[in-house]
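Structural features, examined
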Amino acid sequence: MFDKVLIANRGEIAVRINRACQELGISTVAIHSEADADSMHVRIADESVCIGPNPVNKSYLNTHSIIAACEITGAQAVHPGYGFLSENASFSKMLEDHKLIFIGPNHSHISAMGDKIQAKKIMNEFGVPTVPGSDKAIESEKDAINISKDIGYPVLIKASAGGGGRGMKVVNDEKELKQSLPIIKQEALSFFGNDSVYIEKFIDSPRHIEVQVICDSHGNFLHLHERDCSVQRRNQKVLEEALAPGIEDEKKDELFQICISAMEKMQYLGLGTLEFLYENGEFYFMEMNTRLQVEHPITEMLTRIDLVREQICVAHGEKIFTNQDNIKPLGHSIECRINAENSSDFKPSVGTIGLFHPPAGNGIRLDTFIYSGYKVPHYYDNLLAKLIATGRTRNHAIKRALRSLNEMVIDGIDTNIDLHKKILSSEEFRKGSVSINWLENNISSL
Amino acid sequence: MFDKVLIANRGEIAVRINRACQELGISTVAIHSEADADSMHVRIADESVCIGPNPVNKSYLNTHSIIAACEITGAQAVHPGYGFLSENASFSKMLEDHKLIFIGPNHSHISAMGDKIQAKKIMNEFGVPTVPGSDKAIESEKDAINISKDIGYPVLIKASAGGGGRGMKVVNDEKELKQSLPIIKQEALSFFGNDSVYIEKFIDSPRHIEVQVICDSHGNFLHLHERDCSVQRRNQKVLEEALAPGIEDEKKDELFQICISAMEKMQYLGLGTLEFLYENGEFYFMEMNTRLQVEHPITEMLTRIDLVREQICVAHGEKIFTNQDNIKPLGHSIECRINAENSSDFKPSVGTIGLFHPPAGNGIRLDTFIYSGYKVPHYYDNLLAKLIATGRTRNHAIKRALRSLNEMVIDGIDTNIDLHKKILSSEEFRKGSVSINWLENNISSL
Amino acid sequence: MAKKNIDKGPIKELSKLLEELNLVEISYRDGDFAISVSRGGTQLISHAAPTEKKVISNNTNQEEDFKNDPRAIKSPMVGTIYLQPEPGANKFVNEGDAIKSGQTLLIIEAMKTMNPIESNLQGKLVKVLVENEQAVEFGQPLMLIE
Amino acid sequence: MAKKNIDKGPIKELSKLLEELNLVEISYRDGDFAISVSRGGTQLISHAAPTEKKVISNNTNQEEDFKNDPRAIKSPMVGTIYLQPEPGANKFVNEGDAIKSGQTLLIIEAMKTMNPIESNLQGKLVKVLVENEQAVEFGQPLMLIE
């Protein structure tokens with residue numbers, strides 16, 4: 001096993017990774033910006049290196065500093081967490097050039113899946129169902145009009161390099177298409193430095209279902225079942241659950257087989273998540289995340305496989321300890337993302353946390369980095385904690401999540417705890433199977 | 001299901017039970033002494049009743065007040081937790097007389113198992129292996145001498161009504177027997193109001209292995225495997241684990257069958273724990289606890305059955321939701337009892353807790369009632385929290401427990417966190433299978 | 001009994017000291033004289049009390065104030081209050097009555113038993129804090145006698 | 001009732017002791033006389049920093065002090081310090097030297113690249129805070145110039 005790993009992240013995920021390393025007997029190096037000198041991920045690491053000032057491009061995205069930090073500490077591998085450099089193929093390549101291990105897939109896979117058009121094409125070839133649309137970038141307005149006519153309106157214009165809900169627009173007819181195309185191309189250029197866009201069928205009110213895979217270098221390509229991440233606001237996941245309610249097992253199994261077979265064809269390594277839209281019994285591949293996901297804990301709770309531990313192990317060349325037949329998810333698990341934002345107007349909140357009293361007890365897991373007295377900086381994202389409630393049934397998990405949200409105290413700043421209580425108490429959510437538009441459409445009446 | 005349950009306890013177990021009730025949609029009534037008005041079990045309950053002043057005999061043992069509290073709140077059932085009134089057959093009978101449900105076994109079973117001699121006799125008849133000894137109370141010195149000769153020295157003199165390590169003594173020969181017998185009888189009289197004693201073979205350095213059972217009123221008698229509670233100090237459990245390392249599965253299965261068959265013959269209802277000494281491949285029945293145990297969470301983590309939830313359900317007359325074949329314990333779980341006492345001299349500590357920062361993350365469960373600013377009263381026992389670490393293997397669980405103990409902060413009072421770190425780091429504990437004397441004999445050199 | 005005058009001086013003094021020395025609490029006792037001052041605001045002791053809670057006694061702030069009032073007759077048990085010996089009868093006592101020590105003030109029913117509660121104070125009944133058939137907990141102020 | 005005088009001496013004494021011994025609360029009783037003082041609040045930001053941590057820069061308190069020192073030249077990057085241009089050569093600068101703005105003070109090696117670090121201050125080099133081949137982090141004080 002590695003002797004020392006550098007964790008190139010901050011916040012709850014850096015704490016999560018640090019714990020996995022400690023449990024594997026690996027020494028850890030935390031990196032941090034100046035503002036994060038007192039952050040929990042620094043406090044619990046064995047060593048820490050300040051790598052730059054507060055803006056992320058000068059610290060957590062500063063590849064040179066991070067590699068220099070590996071050099072001076074003797075770290076053999078880098079865990080990128082999620083966000084930041086986790087899907088940066090050139091960083092992964094740089095590490096390889098410096099004989100350092102990137103805890104993640106091969107950089108060619110990162111790069112292939114990073115380009116949404118290419119990813120879709122590859123998956124299509126591997127037999128993964130995708131949304132009908134242009135198989136390549138739109139060449140001209142005429143091209144766009146023809147393709148849209150073939151698919152049938154409404155269609156979605158999407159930046160090839162897009163993500164996080166940016167650079168996309170639904171158009172309902174040819175007139176709207178003509179108006180929006182140049183605008184989206186311009187947006188794509190300014191956000192992602194690339195004006196390439198593509199067009200696909202707009203799925204009206206689908207659910208977001210994703211499949212977790214893990215692969216080692218010994219020919220094992222396993223799926224860890226699915227997650228339902230349909231409760232979203234502005235294309236950001238708010239609450240996730242596993243397994244997905246109301247979808248037949250055979251339908252799921254079929255999808256898992258397709259995913260696994262695609263991974264095998266790619267010779268993929270490590271953790272990955274294939275994201276699908278699901279509507280009227282059909283799955284449509286959206287994209288593949290070639291990294292650890294925020295919502296990985298719900299899969300851990302059901303399968304009892306420590307994903308971060310296994311991710312580190314397979315990056316080191318070990319075999320996955322189990323096999324597909326032994327992976328039997330049990331119960332139901334819900335993750336509530338506790339953000340530093342107002343439950344009503346969603347304004348981000350910064351400041352000093354007064355009393356932090358976390359919920360606890362049977363079936364409750366809390367992944368966080370905050371503590372009583374912690375000062376939440378404004379430079380970084382506003383995820384404070386992930387509350388994971390697991391029960392025997394979906395109903396039990398919901399009740400457990402609610403009782404633990406009631407126990408939780410985070411003084412001094414605004415949080416979205418109340419929003420989660422409303423979601424979990426709503427009739428429609430309790431019935432299950434809400435679409436990705438549900439929260440946005442019902443948020444004011446919850 | 002019950003509409004309202006009164007929780008006749010305090011501390012972490014009252015919080016634990018309150019959570020189970022909330023998750024079942026049951027309203028809760030907390031009872032408390034004057035000193036406990038700000039205690040967490042009061043804060044999280046739906047209603048609370050101050051039932052008396054601080055001494056336990058005037059509050060938590062005050063059966064009249066507790067029944068009056070049921071009357072004024074309309075609670076239909078009482079959960080006694082552990083300790084206090086949990087094994088008090090006459091309280092259970094009183095509740096029955098007042099048409100209230102005692103969440104626990106029938107009072108005749110409480111009373112039968114409460115008398116150690118009778119319990120042993122009953123179990124013997126049911127084919128449960130017991131320690132060789134007098135089947136009944138010692139009648140005279142001569143009787144004691146004859147029996148001890150039969151069994152072979154060393155033998156143990158034990159108060160029939162004893163418990164918690166009080167009222168017992170090992171004697172190595174006839175001379176010591178003659179000296180000690182009157183002393184123990186006197187002790188038994190003053191502690192338990194009953195001078196009846198019995199004699200059994202002294203098992204030199206056994207392990208403490210206990211079997212958890214759960215039974216409903218529909219003919220289901222299930223075992224939930226075993227726990228190893230050998231890490232003890234002064235006959236008090238310090239750290240427990242499940243499953244027990246180093247004992248063959250067939251040996252265990254055999255024991256489970258015997259236990260289950262005894263429960264069936266008794267027509268036992270609810271949760272119960274059969275405690276055994278284990279030495280040289282043999283199990284010897286010690287006693288049966290007819291209540292929820294402090295260490296129940298480790299069984300919950302491995303079997304994923306919520307024992308308190310099921311306990312309430314079966315008390316209400318429901319069927320256990322699962323069957324023996326579906327109970328497959330997975331992984332390894334360790335519970336550290338975090339006490340308000342010095343890690344070196346074991347002096348109990350009281351005072352105000354400053355910062356309380358609990359450990360968290362994958363595989364960590366914390367059952368506690370403390371919070372930042374909580375004032376620990378001196379009237380009650382010193383259990384502050386139970387840290388439960390669960391991993392895929394015993395080694396993983398140990399590492400996880402250690403990393404989380406390192407994360408834990410309880411300011412302002414002394415705790416035994418350091419003792420747990422020492423135990424978990426010791427070579428001998430890591431090897432597994434330590435005896436009940438191990439901690440006491442090695443405590444200074446850990 | 002002489003009318004009690006609160007000597008505010010020492011309280012002000014201690015309160016000033018509290019601030020000066022940056023303390024949270026000072027308790028001071030000298031013989032029979034005792035004062036305790038404390039200041040909230042420290043988040044520590046604030047509210048790890050997440051759930052909304054309905055206390056059985058329906059405590060108002062007013063009642064809470066009488067908990068340490070030397071004029072208070074406090075409930076010695078948990079139960080249900082009866083202000084009359086039987087339905088329709090007159091109340092045992094009324095506000096304004098002169099109360100003798102040992103006089104029955106009310107009945108508390110607990111476990112189907114009627115427990116007459118006698119006054120341990122002597123003086124004028126200035127306030128009845130409970131209503132007929134109200135549930136009370138241990139230590140709850142029932143009446144004020146001065 | 002006689003006017004009560006608070007004896008502030010013991011309170012101040014205990015309060016001082018509280019600080020000195022880093023305590024949260026002291027209770028003191030001598031016969032009828034009793035005092036208790038406590039201080040909260042500050043525990044919050046104390047130490048949710050459980051693990052013993054070795055910071056790469058081997059920060060001493062002294063160095064920490066120079067973080068906000070206007071005389072400090074601070075490291076603009078993470079890397080390894082070289083005080084000479086090459087092994088065996090003279091150091092770029094020595095304590096006591098007069099330093100001009102823009103003058104090379106040392107080299108930091110990062111990713112196999114040698115980065116000369118120039119002074120942004122002018123004056124006398126009063127202290128070199130780092131050793132040859134020492135690892136430094138971003139913002140770490142390297143030298144003091146006044």
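Remember, predicted model here, so these are calculated numbers, not experimental data.

A look at the overall build of chain A
A count of helical and extended segments in chain A gives 15 helices and 20 strands. For 446 residues, the compact-globule estimate of 2.2 N^0.38 gives 22 Å, and the C-alpha radius of gyration of chain A, at 22 Å, lies within 12% of that figure. The principal-axis extents of the C-alpha atoms in chain A amount to approximately 60 × 50 × 45 Å. The buried share of chain A, reckoned over its 446 residues, is 63%. For chain A, restricting intrachain contacts to residue pairs at least 6 apart in sequence, the fraction spanning at least 24 positions comes to 65%. For chain A, the exposed area adds up to about 15800 Å²; of that, 46% sits on carbon and sulfur atoms. Counting 48 positive and 60 negative side-chain charges, chain A places the centres of these two groups 3 Å from one another.

Thoughts on the sheet that holds strand β7 (residues 113-118) of chain C
Residue and element names in this part refer to chain C. Across the sheet, four strands lie side by side as β7-β6-β4-β9; this open sheet has antiparallel pairing. Looking at which strands have only one partner, the edges of the open sheet turn out to be β7 and β9 (135-136). Note: strand β4 (residues 79-82) against strand β6 (residues 104-110), three bridges, orientation antiparallel. Its bridge partner lying in β6, tyrosine 82 is registered against isoleucine 107.

Some thoughts on the side chain of Glu200(A)
All names here are of chain A. Mapped onto the elements of the fold, glutamate 200 is located in strand β8 (residues 197-201). With a relative accessible area of 4%, glutamate 200 lands in the buried category. A distance of 3.4 Å separates a polar atom in the side chain of glutamate 200 from a polar atom in the side chain of lysine 158.

Quick word on the sheet that holds strand β2 (residues 27-33) of chain A
Residues and elements named next belong to chain A. Spatial strand order, β3-β2-β1-β4-β5: five strands in an open sheet with parallel pairing. On the outer flanks of this sheet lie β3 (47-52) and β5 (101-102), each paired with one strand and no other. Strand direction decides the pairing type here: strand β4 (residues 77-79) and β5, joined by two bridges, are parallel. Bridge pairing in β5 places alanine 77 opposite isoleucine 101.

Section: helix α6 (residues 116-125) of chain B
Residue and element names in this part refer to chain B. Residues Lys116, Ile117, Ala119, Lys120, Ile122 and Met123 constitute the buried set of α6. Here α6 starts with a cap whose side-chain oxygen sits 3.0 Å from the backbone nitrogen of isoleucine 117, and that cap is aspartate 115. At the C-terminal side of α6, glycine 127 shows a positive phi close to 85°.

Some words on the interface of chain A and chain B
Contacts between chain A and chain B engage 34 residues on the former and 34 residues on the latter. Its largest share of buried area at the contact with chain B, chain A owes to Glu23(A), Arg304(A) and Asn362(A), together 23% of the area lost on that side. The tally of links between chain A and chain B comes to eight salt bridges. In this structure, the salt-bridge partner of Glu407(A) is Arg19(B), at a minimum N-O distance of 2.7 Å. Taken together, the connections running from chain A to chain B amount to 24 residue pairs in polar contact (both at pLDDT 80 or more). Those elements that place two or more of their residues in the side of chain A that touches chain B are α1 (11-23), α10 (296-303), α11 (307-315), β17 (364-368) and α12 (394-407) of chain A.

A look at the pattern of salt bridges
This structure, assessed with the given rule, holds 69 salt bridges over all chains. Of the charged contacts in the structure, one is a salt bridge between Glu287(A) and Lys116(A), with a shortest N-O distance of 3.8 Å. Residue Glu287(A) is found in strand β13 (residues 282-289), and its partner Lys116(A) is found in helix α6 (residues 116-125); the two are separated by 171 residues along the sequence. The residue Asp69(D) makes a salt bridge to Arg71(D) at a minimum N-O spacing of 2.8 Å. Note on Asp69(D): relative accessible area 15%, which makes it buried. A relative accessible area of 26% means that Arg71(D) is categorised as partly exposed. Through salt bridges with shared partners, a single ionic network connects Arg16(A), Arg19(A), Glu23(A), Glu300(A), Asp306(A), Arg365(A), Asp367(A), Arg400(B), Arg403(B) and Glu407(B).

Conventions used here
Residues numbered from 1 in each chain as written. Chains lettered and ligands numbered in written order. Predicted model: local features only at pLDDT ≥ 70, side-chain atom pairs only at ≥ 80, totals over all residues. Heavy atoms only, no water. Helix = DSSP H or I, 4+ residues; strand = E, 2+ residues; numbered from the N terminus. Rg over C-alpha atoms; globule rule 2.2 N^0.38 Å. Buried < 20%, exposed > 50% of the residue type's maximum accessible area, 1.4 Å probe, protein only. Contact = heavy atoms within 4.5 Å. Areas by Shrake-Rupley, 256 points an atom, 1.4 Å probe, with all protein chains shown as cover. Lys, Arg positive; Asp, Glu negative; His and termini not counted. Charge placed at Lys NZ, Arg CZ, Asp CG, Glu CD. Pairing = 2+ DSSP bridges. Polar contact = N/O pair within 3.5 Å; in protein donor to acceptor, adjacent residues only side chain to side chain. Buried area = accessible area lost by both parts, 1.4 Å probe. Salt bridge = Lys/Arg side-chain N within 4 Å of Asp/Glu carboxyl O.

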